[in-house]
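# Chain and residue survey
Here's the letter readout for the chains.
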Amino acid sequence: MEVKFQTKAESKKQQQEEFLKLSGGERFLKFLELSRRVNKLFPPKNPLSFEERYKGNFLLIHKDLQHDEMG
């Protein structure tokens, strides 16, 4: 293990440089991964069903799309 001492600004700059080296697709996957981790750490208090979330909204749903895929 390596211990490195640096300022917050230096650390932030290094993280930003490493992130910008990733391709667009890799950045998007990192964003999705982060989103999943945040949702696991802070789950919704009262998860709503699909019908409750979209009540009153006009939705076009393809006939081949199964109900359990819409959640």
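Before reading further, recall that the structure is shown in the block above.
One structure accompanies this document, and this report is about it. Everything numeric in this text was worked out from a predicted model, so none of it was measured.

Reading the values: the criteria
Residues numbered from 1 in each chain as written. Predicted model: local features only at pLDDT ≥ 70, side-chain atom pairs only at ≥ 80, totals over all residues. Heavy atoms only, no water. Patch = residues over 30% accessible without salt bridge, like charges linked within 9 Å, V, L, I, M, F, W, Y side chains within 5 Å. Areas by Shrake-Rupley, 256 points an atom, 1.4 Å probe, with all protein chains shown as cover. Salt bridge = Lys/Arg side-chain N within 4 Å of Asp/Glu carboxyl O. Helix = DSSP H or I, 4+ residues; strand = E, 2+ residues; numbered from the N terminus. Buried < 20%, exposed > 50% of the residue type's maximum accessible area, 1.4 Å probe, protein only. Contact = heavy atoms within 4.5 Å. Polar contact = N/O pair within 3.5 Å; in protein donor to acceptor, adjacent residues only side chain to side chain.

Further remarks concern a nonpolar patch on the surface. A surface patch of nonpolar side chains, amounting to about 430 Å² of accessible area, comprises Leu34, Val38, Leu41 and Phe42. Mapped onto the fold, leucine 34 is located in helix α2 (residues 24-41).

To continue, consider the environment of arginine 27. Tracing the backbone shows arginine 27 in helix α2. By relative accessible area, which is 29% here, arginine 27 ends up partly exposed. Sequence-distant contacts of arginine 27, defined by excluding residues within four places in its chain, comprise Phe19, Leu20 and Leu22.

For proline 47, the location among the structural elements is in the loop between α2 and α3 (50-53). Since its relative accessible area comes to 62%, proline 47 is described here as exposed. Here the alpha-carbon distance between proline 47 and leucine 34, two residues 13 residues apart in the chain, equals 20 Å.

Another point: the environment of glutamine 6. Mapped onto the elements, glutamine 6 comes out in the segment before α1 (8-20). Each residue touching glutamine 6, except ones within four places of it in the same chain, is listed here: Ser11 and Gln14. Separated by 3.3 Å, the side chains of glutamine 6 and glutamine 14 make a polar contact.

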